[in-house]
Amino acid sequence: MPAHRSKGTKMHLAVVVLWCVTVSSEALNLNDLLERVSMASDKLHSLSTSLTSDVGSQLPPIFKIMRPSHCHTSSLQTPNDKEQALNVPEEELLSLARSLLLSWSDPLAVLLAEAHNLVHPDKSAILSKTKDLHLHSSSLGAGLEHLIQKMGPQSQGIISLPYDGDVGTDKNASLSNFYFLLTCFRRDSHKIDSFLKVLRCRAAKRPEMC
């Protein structure tokens, strides 16, 4: 019973923190808001990298080959590197970051649901990190909404790419598919982080930050 209350308390605190971050974002100027969402995106990418490493520790190398073209977001045209991102209009970069994040709403829900049944020696830690990943994604999404309001209607165009897959029921295949989905998210979270950092350095008028 105490453990149940502890989990409930942690979730309540997480929701309160998310609410406070969302509300306080409304009062921030553009530079401060960009700084905040950049920190959030950096945390999200770091968490996705850590979680991918944890899950992949139980997979042989042959199952860890990255297949970007199989990711459900592969059809979205985005800059391939920072140099290309620097030449993309600010509103378009923000729209791309938001489109990528929104396209992960359903897949992250799948990962969270499947983490409960994952066959892995570090299942508890993986489940905890998956919950954190879901929460941080929501927090970043709220920050991007406020950022879009400040940058104007030109950044409001989005493309949300559907996801209708799952990780399967076979325990070996499900672990491999879980890992693959994470590698796709890690790839996209890196893009989101890069785009937001480019926006931050432009707004600060400090090219060295780019």
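Please read all numbers here as calculations on a predicted model, not as lab measurements.

Rules and cut-offs
- For every chain, the first residue of its written sequence is number 1, and the numbers climb from 1 along that sequence.
- Given that the model is predicted, a residue must reach a pLDDT of at least 70 before its local features are reported, and side-chain atom pairs must reach 80 or more before they are shown or counted; all residues, however, enter totals for whole chains, interfaces and linings.
- Remark: hydrogens and water are excluded; side-chain values derive from all non-hydrogen atoms of the structure.
- Helical segments are the DSSP runs of H or I of at least four residues, strand segments are the runs of E of at least two, and each set is numbered from the N terminus.
- Relative accessibility under 20% of the residue-type maximum defines a buried residue, over 50% an exposed one, and the middle range a partly exposed one, all with a 1.4 Å probe and only protein chains included.
- Whether two residues are in contact is decided by their heavy atoms: any pair within 4.5 Å suffices.
- Method for areas: the Shrake-Rupley scheme with a 1.4 Å probe, in which residue coverage is limited to the protein chains shown.
- When a carboxyl oxygen of Asp or Glu is within 4 Å of a side-chain nitrogen of Lys or Arg, the pair counts as a salt bridge.
- Orientation is described by lines fitted to C-alpha atoms, with helices fitted over the stretch in contact, and by angles between N-to-C directions that extend from 0 to 180 degrees.
- With respect to orientation, any angle under 35 degrees is reported as roughly parallel, any angle over 145 as roughly antiparallel, any angle of 65 to 115 as roughly perpendicular, and every other angle as oblique.
- Left-handed is the label given to a crossing in which the near helix is rotated counterclockwise from the far helix by less than a right angle, and right-handed is the label when the rotation is clockwise.
- The pLDDT score gives, residue by residue, the confidence of the prediction method on a 0 to 100 scale.
- Within this analysis, patches are made of residues with over 30% relative accessible area and no salt bridge. Like charges are joined at 9 Å or less; nonpolar side chains (Val, Leu, Ile, Met, Phe, Trp, Tyr) at 5 Å or less.

A few points about the overall build of the chain
No. 1: Regarding its fold elements, the chain presents 7 helices and 0 strands.
No. 2: Start at the N end of the chain and walk to the C end: the helices and strands fall as α-α-α-α-α-α-α.
No. 3: Of all 210 residues assigned to the chain, the portion counted as buried reaches 40%.
No. 4: Here the contacts in the chain between residues at least 6 apart in sequence split such that 84% fall between residues at least 24 apart.
No. 5: Here the chain has roughly 11300 Å² of accessible surface; of this, 55% comes from carbon and sulfur atoms.

A closer look at the pattern of salt bridges
No. 1: Inspection of the entire model under this criterion finds 6 salt bridges.
No. 2: One salt bridge in this structure joins E145 and R98, with 2.7 Å as the shortest N-O distance. With E145 in helix α6 (residues 123-151) and R98 in helix α4 (residues 90-102), this residue pair connects regions lying 47 residues apart in the sequence.
No. 3: Linked by salt bridges that have partners in common, D42, D193 and K197 make up one network.

Details of the packing of α4 against α6
No. 1: At a closest axis distance of 10 Å, the pairing of α4 and α6 adopts a crossing angle of 155°. Regarding the angle of α4 to α6, the classification is roughly antiparallel. Helix-helix and strand crossings are classified by hand; for α4 and α6 the assignment is left-handed. Between α4 and α6, the residues in contact are E90, L94, A97, R98 and L101 and S137, L140, G141, L144, E145, L147, I148 and M151, respectively.

Some words on the confidence of the model for the chain
No. 1: Summing up the model confidence of the chain, the mean pLDDT is 82 and the portion of residues at 70 or higher is 79%.
No. 2: Here residues 1-23 is modelled with pLDDT under 50, and outside its nearest four sequence neighbours on either side it reaches 8 contacts, counting other chains as well.

A look at a nonpolar patch on the surface
No. 1: A surface patch of nonpolar side chains, about 340 Å² in accessible area, is lined by I62, F63 and I65.
No. 2: Tracing the chain through its elements places F63 in the loop between α2 (30-56) and α3 (82-85).
No. 3: Residue classification places F63 among the partly exposed positions, given a relative accessible area of 44%.

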